[in-house]
Amino acid sequence: MERLLEQIINGLQLGFVYALIALGYTMVYGIIKLINFAHGDVFMIGAFIGYFAYTFWGFSLWGAVLIAMILCAVLGVLIERIAYRPLRYAPRIAALISALGVSLFLEYFCSLKFVFGPNFRVVQPPVKQIHWNLGGIPITNIQIIIVAVVILLLLVLQYLVYRTKIGTAMRAVSFDHDAARLMGINVDFIIAFTFALGSALAAAGGVLYTLAYPQIHPFMGIMPGLKAFTAAVLGGIGIIPGAVLGSLIMGQVETLTAAYLTSQMRDAIAFLILIIVLLVRPSGILGRGGPEKV
C-alpha cells in the first residue's frame, strides 16, 4: 500500500506538470480551433530559460519561473503573429502544417551550438531536495513545490477566465468571432493574449519539470507535449477543467504503468488511451458532442 501511495504521489507530480502544458493546447483550440503543435517546444524553451536564469543569471527559483513565463509569453505572441495569423482563414490543414513547421524550427534552431546546443544538460536544481517519511510514504519538498505552484497558477487562471473583463472577452471570442467583433472586442488582441497566457503556463511547467527530472535537451518537449495534447483530448479539448482532469489521469496511468508493468510501455499506454477515447467518446470526458455548423 505504501508503494502504491508513493506512485500515486509521483503521478500527481507528473500530472500537474502536464496540466500546465495541456491548458495551452485547450485554450488555443477553444479560441481558434487550432492544435498548436509547437506548444511542447515552448515548454522546452521555458525549461532552458529557467535553467539559465538560476544557474548563470543569479535568479532564485521564483525569479526563474517568472522570467521564463515572461519570455515565453513574448515567444507565444510572436509565433501567433508570424505563423498563425496570416493563415487564420485558410484551410485548417495549412495552419496544421504551419504548426508542425514551427515545432521543427524551434527544435532544430535550439539545437544549434550558439543557441542551446544539441547535448543533454544535467540540471542542478536551485532548491535542495529534502525527503520526508509520512506514515511510510516518502515525499519530497520538490513534489510539494510543484503541486502548490501548479494549483496556485490554476486558481489564478480560473479567476482570470471567469472573473475578469479579458476573461469574458476570451470566452466570447471562443463562442463566435464575428459576434465578439460586433460587441467591440479586439479579436486579434484576445487571440494573441491567449497564446501568451498558454505559453507562460507551459514555461512554468518547463521550469518545474526540471526540478523533478533534472535533465534538459532541445527535443525534450516532444513527448510531454504529445502527452499533454492527449490529456487535453481525454478531458475534453477546449475545456479548461477537462485539460486538468485529463492530465491528472495521464500522470497516474503513466506512473502506475512504469511501476507495475514496464517503463517501456508507459508511452504506448498513454497513446492507447487517446485511441480509445477517440473511438468511444471523441468529445472527451467533460466534452459535449453536438452538431457542427456547415
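See the structure printed just above.
On a predicted model such as this, the values are computed, not experimentally measured, just so you know.

Digging into the packing of aromatic side chains
Thought 1: Summed over all chains, the structure comprises 16 aromatic pairs.
Thought 2: Ring plane angle 85 degrees and centroid distance 6.2 Å describe the contact between Phe109 and Phe114, whose orientation is recorded as edge-to-face.
Thought 3: Cluster of aromatic residues (ring-pair linked, three or more members): Phe48, Tyr51, Phe52, Phe56, Trp57 and Phe116.
Thought 4: In this arrangement the basic side chain of Arg3 is found over the ring face of Tyr260, its NZ or CZ atom lying 5.0 Å from the centre.
Thought 5: The ring centre of Tyr29 lies 5.7 Å from the NZ or CZ of Lys33, which sits over that ring.

Section: the nonpolar core
Thought 1: Core analysis: the largest hydrophobic core is formed by 90 residues, its most contacted members being Leu23, Ile45, Tyr84 and Leu157.
Thought 2: Per-element tally for this core: the top contributor is helix 8 (residues 187-212), with 15 residues.
Thought 3: Sequence-distant contacts of Leu157, defined by excluding residues within four places in its chain, comprise Leu23, Met27, Leu197, Leu201 and Ile240.

A look at the pairing of strand 2 (residues 131-134)
Thought 1: As paired strands, strand 2 and strand 3 (residues 137-140) are joined by 4 bridges and run antiparallel to one another. Following the sheet pairing, Leu134 is matched in strand 3 by Ile137.
Thought 2: Adjacent in sequence and paired antiparallel, strand 2 and strand 3 are bridged by 2 residues, among which Gly135 carries a positive phi angle near 60 degrees.

Describing the state of the cysteines
As used here, a disulfide is simply a covalent bond connecting the sulfur atoms of two cysteines.
Thought 1: The full count for this structure, using the stated rule, is 0 disulfides.
Thought 2: Not part of a disulfide, Cys72 finds its nearest cysteine sulfur in Cys110, a span of 9.7 Å.
Thought 3: By relative accessible area, which is 0% here, Cys72 ends up buried.
Thought 4: With a relative accessible area of 4%, Cys110 lands in the buried category.

Some details on the pattern of salt bridges
Thought 1: The tally for this structure, following the rule as stated, stands at 7 salt bridges.
Thought 2: For the salt bridge of Arg88 with Glu80, the shortest nitrogen-to-oxygen distance reads 2.7 Å. Each member of the pair, Arg88 as well as Glu80, carries the same accessibility label: buried.
Thought 3: For Asp267, the salt bridge identified is with Lys227, shortest N-O distance 2.4 Å. One end of the pair, Asp267, is in helix 11 (residues 266-280); the other, Lys227, is in helix 9 (residues 222-235), and 40 residues separate them in sequence.
Thought 4: Here the salt bridges do not stand alone but share partners, grouping Glu80, Arg85, Arg88 and Asp188 into one network.

Quick notes on the rules
Residues numbered from 1 in each chain as written. Predicted model: local features only at pLDDT ≥ 70, side-chain atom pairs only at ≥ 80, totals over all residues. Heavy atoms only, no water. Phe/Tyr/Trp six-rings, centres within 6.5 Å; stacked < 30°, edge-to-face > 60°. Lys NZ or Arg CZ within 6 Å of the ring centre and 35° of its normal. Core = buried A, V, L, I, M, F, W, Y, C linked by side-chain atoms within 4.5 Å. Buried < 20%, exposed > 50% of the residue type's maximum accessible area, 1.4 Å probe, protein only. Helix = DSSP H or I, 4+ residues; strand = E, 2+ residues; numbered from the N terminus. Contact = heavy atoms within 4.5 Å. Pairing = 2+ DSSP bridges. Disulfide = S-S within 2.5 Å. Salt bridge = Lys/Arg side-chain N within 4 Å of Asp/Glu carboxyl O.

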